[in-house]
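Survey of secondary and tertiary structure
This is what each chain is made of:
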Number of protein chains: 2
Amino acid sequence: MRPAKAVETGVPDVTTAQRILDVAEVLAQTRGFNGFSYADIASQLGMTKASLHYHFPSKGELGRALVARYHENFAAALATIDRAVKVPAEKLRRYAGLYDSVMRKDRMCLCGMLAAEYSTLPEAMRTALIAFFNANESWLAAVLEHGREGGAFSFRGSPKARAQSLLGALEGALLVARAYGDDRRFRATAKQLLDDL
Amino acid sequence: MRPAKAVETGVPDVTTAQRILDVAEVLAQTRGFNGFSYADIASQLGMTKASLHYHFPSKGELGRALVARYHENFAAALATIDRAVKVPAEKLRRYAGLYDSVMRKDRMCLCGMLAAEYSTLPEAMRTALIAFFNANESWLAAVLEHGREGGAFSFRGSPKARAQSLLGALEGALLVARAYGDDRRFRATAKQLLDDL
DNA sequence: GTCTATAGGCAGATAGAC
DNA sequence: GTCTATCTGCCTATAGAC
């Protein structure tokens, strides 16, 4: 039986693989997937490149794991919103808040960043990336449809089409605001997008 | 006096520097600035890497020239729109058409791509990038203000704020649509953005 | 202006000791 | 699991012949 560890502190096990992903995620969100190397991760963790390859044999594998975990965490955040809030407009406000918290950390959405690099990504990462966007769109479309039925929104067109443009608009707002280094700019655009519904 | 060349064909001089920029532009728009090398350009032009360095001593220099030329061409396109069209809504339709023509070539807007890579860019490129966005926003803000005064638009908020969110939304729509490889998706979003004004 | 040749460094990745 | 050592290849960039 596996021994319980760090029970006193209440701090759960953090595996090396997780710590690698943590560092890689920040690097990928700030510099892009092609903008960092195993050496960057290794130096930040005080270990060697060879050790990283034990956990993630190739960079493509690392990237795939990165997107998968990001997707899981995002899905969990959406589930939390669904549990905590029932009002569609407030759901969307919180959804935009997820992007805002990324902006405040001076990062880009991981998947927005990877979308820019799409043509250079291995197939497994491409597939995972599209899955992330699809999940976001489905969630958004459901909220939008529900909100319009309830009279909270009055947008034209299908909920699906709206979901697509909203997703793109938030990613783009983040992309440009980050270049300006201005998070108020992102919030102003996000508010406007939601007010337009 | 410099001898006239290619007068018979009516084809103007295309300098080597221009041809280098042409190839580099496509590469930067599809793979990102960190996603291509001098070797890629050289092989496409049938010349050596060393020759490229004669025209552009460093990759940063090449990138700066890339953004500067892109900005010039974009400004010229906006001037053409201003000359050909007076109706604000139609001006914006043509503006979105500029992005659409990029999408149809399976490329990303050069500056949207560079915005993703912002933190890895040399200072000169960052400055040129922001200048591009500023010019776009100024043009958009003027058209939006004019259109609202004329009763064509009824958006809320300042024209400047609208210009910022419109620019971001178009860049983001392009970014995501490109990952899906679906240009109809881009056009649907663009239409929606303009209809919302 | 374009070439050959090469420098010097960093990339992702592997072998094998501990 | 982590290390040292190393491989192979590509990167940006330069020197100097033509």
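Here's what I pulled together on the structure shown here. Worth saying up front: this structure is predicted, and the values here are computed from it rather than measured. (Residues numbered from 1 in each chain as written. Chains lettered and ligands numbered in written order. Predicted model: local features only at pLDDT ≥ 70, side-chain atom pairs only at ≥ 80, totals over all residues. Heavy atoms only, no water.)

Quick word on the packing of aromatic side chains
Under the defined criterion, the tally for this structure stands at 22 aromatic pairs over all chains. Measuring from centroid to centroid gives 5.2 Å for Tyr95 of chain A and Tyr99 of chain A, while their planes differ by 55 degrees, and the two rings are tilted. In this pair, Tyr95 of chain A and Tyr99 of chain A are both assigned in helix α5 (residues 88-104), four residues apart and thus about one turn of the helix distant. An identical accessibility class is assigned to Tyr95 of chain A and Tyr99 of chain A; each is buried. Joined through ring pairs, the aromatic side chains of Tyr70, Phe74, Tyr95, Tyr99, Phe132, Phe133 and Trp139 of chain A together with Tyr180 of chain B make up one cluster. Over the aromatic face of Tyr118 of chain A sits the side chain of Arg126 of chain A, whose NZ or CZ is 4.9 Å from the ring centroid. Over the face of the ring belonging to Phe33 of chain B we find Lys59 of chain B, whose NZ or CZ atom lies 4.7 Å from the ring centre. (Phe/Tyr/Trp six-rings, centres within 6.5 Å; stacked < 30°, edge-to-face > 60°. Helix = DSSP H or I, 4+ residues; strand = E, 2+ residues; numbered from the N terminus. Buried < 20%, exposed > 50% of the residue type's maximum accessible area, 1.4 Å probe, protein only. Lys NZ or Arg CZ within 6 Å of the ring centre and 35° of its normal.)

Observations concerning the nonpolar core
By size, the foremost hydrophobic cluster in this structure holds 132 residues, and its most contacted members are Leu92 of chain A together with Leu92 of chain B. Residues contacting Leu92 of chain B, with those up to four places away along its chain left out, are Trp139, Leu140, Val143, Leu144, Phe153, Leu166, Leu194 and Leu197 of chain B. (Core = buried A, V, L, I, M, F, W, Y, C linked by side-chain atoms within 4.5 Å. Contact = heavy atoms within 4.5 Å.)

Observations regarding the protein's contact with DNA strand D
Not every one of the 18 residues close to DNA strand D is listed here, only the nearest: Thr48, Ser51 and His55 of chain A together with Ser37 and Lys59 of chain B. Thr48 of chain A is positioned with one of its backbone polar atoms (N or O) 2.9 Å from a phosphate oxygen of DNA strand D. Within the side chain of Ser37 of chain B, one N or O atom sits 2.8 Å away from a phosphate oxygen of DNA strand D. Broken down by secondary-structure element, the contributors of at least two residues to the surface near DNA strand D are α3 (49-55) of chain A together with α2 (38-45) and α3 (49-55) of chain B. (Near = heavy atom within 4 Å. Polar contact = N/O pair within 3.5 Å; in protein donor to acceptor, adjacent residues only side chain to side chain.)

Take it as geometry only, folks, not as evidence of what the structure does.
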